[in-house]
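So the chains spell out like this:
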Amino acid sequence: MQAPDRPALGILLICLGVLAMSVNDLLIKVLSGGYPLHQMVFVHSAIALLFTFVLVMAEGGPRILRTGRPLLHALRGALVVAANMTFYAAVAVMPLGQATALFFVAHLFITALSVPLLGERAGPWRSGAVLVGFAGVLVMQRPWASEVAVSRWVLLLPVLAALCYALMQVLTRRLGLTMRASALAAYTQGTFLLVSAGFFAVAGDGRFAEGLENESLVFLLRPWVWPTPGDWPVFLGLGLCAAVFGYCLSAAYRLANAATLAPFEYIGLPMAILWGWLVFGEWPGVATWVGCALIVGAGVVVFLREERKDGAVPGRRTRWDRR
């Protein structure tokens, strides 16, 4: 059965989802100084899973969770987890707007990977846009500078997250995964819960963080700490945000043409810059602004060319399809 075409509702959902995602990123950064990443993922995934199951019941009950492709869900979940872990490891130690801008290169990775993995063709406009976008990444890396505020290895983490996300999307397109938005979100949240529980079992006492100086690794491996009463509302907010954007973004791309919706993802960038400025006093430098312009401009060109090519971007969902 063909999905309904409701662009106005799709745009509303994509904007709501991106707002929830942006607040989620902000809250992760707020908590990153006192808690390990895997603890935050475990708590907010557990809370989000409760909200998600309410949506599952509303969309048909447990029967919609049945799937004939469990290995596909496991692989998709692993890629989403890898994307999230690397992105948040960067967010903990670098400006929120800069990390978000670097992640948006995911759309260009999708285009580049679709050629060898899906047999698609990229014309001169899309190929040129991909090169311009990656030039933006290079500008933000500033290889000509002898000193940078953040390690270049840390600057590569959002790019690695974008690559994992792009691989997940290309896999989804190749295998034609179709499920209810709530069921897809439930599988993703369940994967996060299992992986973060595994992190706790192996590294929850913090023994692997001892002696480390890299702040991103410390964020990943520091010991679990029982949240203070004042931090519990923040954890609850994390779970609620994860449930909202996990559902809204998946639902939006089932209601409207992906090429219509995808440019609205970019409102997440000014939101991230705004949060960074208001909460952490971060303001992007010239290189970051130039890199942002190149990456976002290249992404918009790719979307416009793909819309002209076939009127839709099959199977493409949003950043993260994130939980």
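Throughout what follows, the structure given in this document is the object of discussion. No experiment lies behind these values; they were computed from the predicted model shown. (Residues numbered from 1 in each chain as written. Predicted model: local features only at pLDDT ≥ 70, side-chain atom pairs only at ≥ 80, totals over all residues. Heavy atoms only, no water.)

Under the definition given, this model contains 12 aromatic pairs. When the centroid spacing of 4.5 Å and the interplanar angle of 50° are considered together, the rings of Phe 200 and Trp 224 count as tilted. Here the residue Phe 200 occupies a position in helix α8 (residues 181–203), and Trp 224 occupies one in the loop between α9 (215–221) and α10 (232–255), the gap between them amounting to 24 residues. Exposure remark for Trp 224: the relative accessible area of 25% places this residue in the partly exposed category. Site record: aromatic cluster; members linked through ring pairs are Tyr 35, Trp 226, Trp 232 and Phe 235. When the ring centre of Phe 280 is taken as reference, the NZ or CZ atom of Lys 29 above it lies at 5.2 Å. (Phe/Tyr/Trp six-rings, centres within 6.5 Å; stacked < 30°, edge-to-face > 60°. Helix = DSSP H or I, 4+ residues; strand = E, 2+ residues; numbered from the N terminus. Buried < 20%, exposed > 50% of the residue type's maximum accessible area, 1.4 Å probe, protein only. Lys NZ or Arg CZ within 6 Å of the ring centre and 35° of its normal.)

Two side chains carrying opposite charge are able to pair once their charged atoms lie near each other. Across all of its chains, the model carries two salt bridges by this definition. Notably, a salt bridge pairs Lys 29 with Glu 282, separated by 3.5 Å at the nearest N-O pair. Note that Lys 29 is positioned in helix α1 (residues 7–31) and Glu 282 in the loop between α12 (268–280) and α13 (286–310), a separation of 253 residues in sequence. By relative accessible area, which is 16% here, Glu 282 ends up buried. Between Arg 207 and Asp 205 there is a salt bridge, with its nearest N and O atoms 2.8 Å apart. Under the relative-accessibility criterion, Arg 207 is labelled partly exposed at 43%. The exposure class of Asp 205 is partly exposed, given its relative accessible area of 48%. (Salt bridge = Lys/Arg side-chain N within 4 Å of Asp/Glu carboxyl O.)

This part takes up empty space enclosed by the protein. In this structure the tally under the stated criterion is three cavities of 30 Å³ or more. Roughly 50 Å³ of internal volume is contained in the second largest cavity. Lining of the second largest cavity is provided by Pro 95, Leu 96, Gly 97, Gln 98, Ala 272, Ile 273, Gly 276, Glu 282, Trp 283, Pro 284 and Thr 288. Listed by contribution, the elements that provide at least two residues to the lining of the second largest cavity are α4 (96–103) and α12. Looking at the lining of the second largest cavity, its residues break down into six nonpolar, four polar and one charged. (1 Å grid on protein atoms, 1.4 Å probe; cavity = no way out; pocket = protein on both sides within 12 Å on 5 of 7 lines; lining within 4 Å. Points joined across faces, edges and corners; volume = space filled by probe spheres on them. Nonpolar A, V, L, I, M, F, W, Y, C, P; charged D, E, K, R; others polar.)

Moving on to helix α6 (residues 124–141). For α6, spanning 18 residues, the distance from its first C-alpha to its last is 26 Å, which sits close to the expected 26 Å at 1.5 Å a residue. Looking only at α6, the buried set comprises Arg 126, Ala 129, Val 130, Gly 133, Gly 136, Val 137, Val 139, Met 140 and Gln 141. Just downstream of α6 lies Arg 142, where phi reads positive at about 50°. (Expected span 1.5 Å × (residues − 1).)

In contact at an axis separation of 8 Å, helix α2 (residues 37–58) and α8 are set at 155° when each is read in the N-to-C sense. One element, α2, and the other, α8, form an angle in the roughly antiparallel class. Helix-helix and strand crossings are classified by hand; for α2 and α8 the assignment is left-handed. A per-class count over the contact of α2 with α8 returns 16 nonpolar, seven polar and no charged. (Axes fitted to C-alpha atoms, helices over the stretch in contact; angles between N-to-C directions. Parallel < 35°, antiparallel > 145°, perpendicular 65-115°, else oblique. Left-handed = near helix turned anticlockwise from the far one by under 90°.)

Let us look at the environment of Ser 32. Position of Ser 32 relative to the elements: it lies in the loop between α1 and α2. For the pair Ser 32 and Ala 92, spaced 60 residues apart in the sequence, the C-alpha separation amounts to 5.7 Å. Ignoring anything within four residues of it in the chain, the contact list for Ser 32 reads Met 40, Ala 92, Phe 219 and Arg 222. Engagement of the side chain of Ser 32 in a polar contact is seen with the backbone oxygen of Lys 29, the distance being 2.7 Å. (Contact = heavy atoms within 4.5 Å. Polar contact = N/O pair within 3.5 Å; in protein donor to acceptor, adjacent residues only side chain to side chain.)

Turning our eyes to something else, we now look at the packing of helix α3 (residues 70–91) against α8. Where α3 contacts α8, the axes come no closer than 9 Å and their chain directions differ by 65°. When the axes of α3 and α8 are compared, the crossing they make is right-handed. Each of His 73, Arg 76, Gly 77, Ala 78, Val 80, Val 81, Asn 84 and Met 85 in α3 lies in contact with α8, whose residues at this interface are Leu 184, Tyr 187, Thr 188, Thr 191, Phe 192, Val 195 and Phe 199. Looking at the contact of α3 with α8, its residues break down into nine nonpolar, five polar and one charged.

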